[in-house]
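Per-entry structural report
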Amino acid sequence: MTMAQSNMKDPKALTGRTVLLWLLGFFGVIFAANAVFIYLALGSFPGVVVESSYEAGQAYNEEIAAARAQETLNWQVTSDFARAGGDAGKLVVTALDADGAPIYGIELEALLRNPVSDADDVTVDFRADGGGRYVGEVAHVAPGNWTLVLQIRRDGKRVFKSENRVFLKK
């Protein structure tokens, strides 16, 4: 018996060219996906926390001294946020001294800082409501996690600062 030889190629044969094309296609898709993710990441958060790290480092000792002075005051400062319908709300801050007496003659500054985007930060202006209570109206603040930065000034000098993570419900 003799075998007949055929010059026909197997259509399913794996050649070097096929392997190369599959390999280039695979890594091309991976690189394209990575490029899209890098573009989106840098567009949503550029990575800049402070404009000048040097100046922030120089102010660090002043922050430590201010924190120690704040601790000696032993003030009791609380805050509460209540929805007033929709995305509006009311931020109520109560400030009492070490003896539990209301604190008068102070100026409050509050910032609801969005942890994702600085563009969504909300500044709150307060009015005295009596008895150490200060009320600030907020026209629009979305539900979710926020950082409440509260500063109290007396005679133009900051005497109290707190930063607390808060969760605002709908």
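Here is a short report on the structure shown in this document. (Residues numbered from 1 in each chain as written. Predicted model: local features only at pLDDT ≥ 70, side-chain atom pairs only at ≥ 80, totals over all residues. Heavy atoms only, no water.)

**Points about the overall build of the protein chain**
Secondary structure assignment for the protein chain yields 3 helices and 8 strands. Mapped from its N terminus to its C terminus, the protein chain presents α and β elements in the order α-α-α-β-β-β-β-β-β-β-β. In terms of its C-alpha atoms, the protein chain occupies a principal-axis envelope of roughly 115 × 45 × 25 Å. The buried share of the protein chain, taken over its 170 residues, is 21%. (Helix = DSSP H or I, 4+ residues; strand = E, 2+ residues; numbered from the N terminus. Buried < 20%, exposed > 50% of the residue type's maximum accessible area, 1.4 Å probe, protein only.)

**With respect to the nonpolar core**
Core analysis: the largest hydrophobic core is formed by 22 residues, its most contacted members being Leu 91, Leu 108 and Phe 126. The set of elements that each furnish at least two residues to this core consists of β2 (88-96), β3 (107-113), β4 (122-124), β6 (133-138), β7 (144-154) and β8 (157-168). It is β7 that provides the largest number of residues to this core, a total of 4 residues. For Leu 108, the contacting residues outside a window of four places in its chain are Val 93, Phe 126, Tyr 134, Leu 150, Gln 151 and Ile 152. (Core = buried A, V, L, I, M, F, W, Y, C linked by side-chain atoms within 4.5 Å. Contact = heavy atoms within 4.5 Å.)

**What to know about the pattern of salt bridges**
Should their charged atoms come close, side chains of opposite charge can pair. For the structure on display, the rule yields 8 salt bridges. Among the salt bridges present, the one from Arg 153 reaches Glu 109, with a minimum N-O distance of 2.9 Å. Within this pair, whereas Arg 153 is found in strand β7, its partner Glu 109 is found in strand β3, the two being separated by 44 residues in sequence. The exposure class of Glu 109 is partly exposed, given its relative accessible area of 35%. One salt bridge in this structure joins Arg 127 and Glu 137, with 3.9 Å as the shortest N-O distance. (Salt bridge = Lys/Arg side-chain N within 4 Å of Asp/Glu carboxyl O.)

**Considering the sheet that holds β7**
Backbone-to-backbone hydrogen bonds pair the strands of a sheet. The strands run either parallel or antiparallel. Taken together, the 4 strands give an open sheet; going across it, the order is β4-β3-β7-β8, and neighbouring strands pair in antiparallel fashion. With partners counted over all chains shown, the strands left at the sheet margins are β4 and β8, one partner each. When the angles between neighbouring strand axes are averaged without regard to direction, this sheet yields 20°. Judged from the 3 bridges that link them, β3 and β4 form a sheet pairing that is antiparallel. When the sheet's bridge partners are listed, Leu 111 is paired in β4 with Thr 123. (Pairing = 2+ DSSP bridges. Axes fitted to C-alpha atoms, helices over the stretch in contact; angles between N-to-C directions.)

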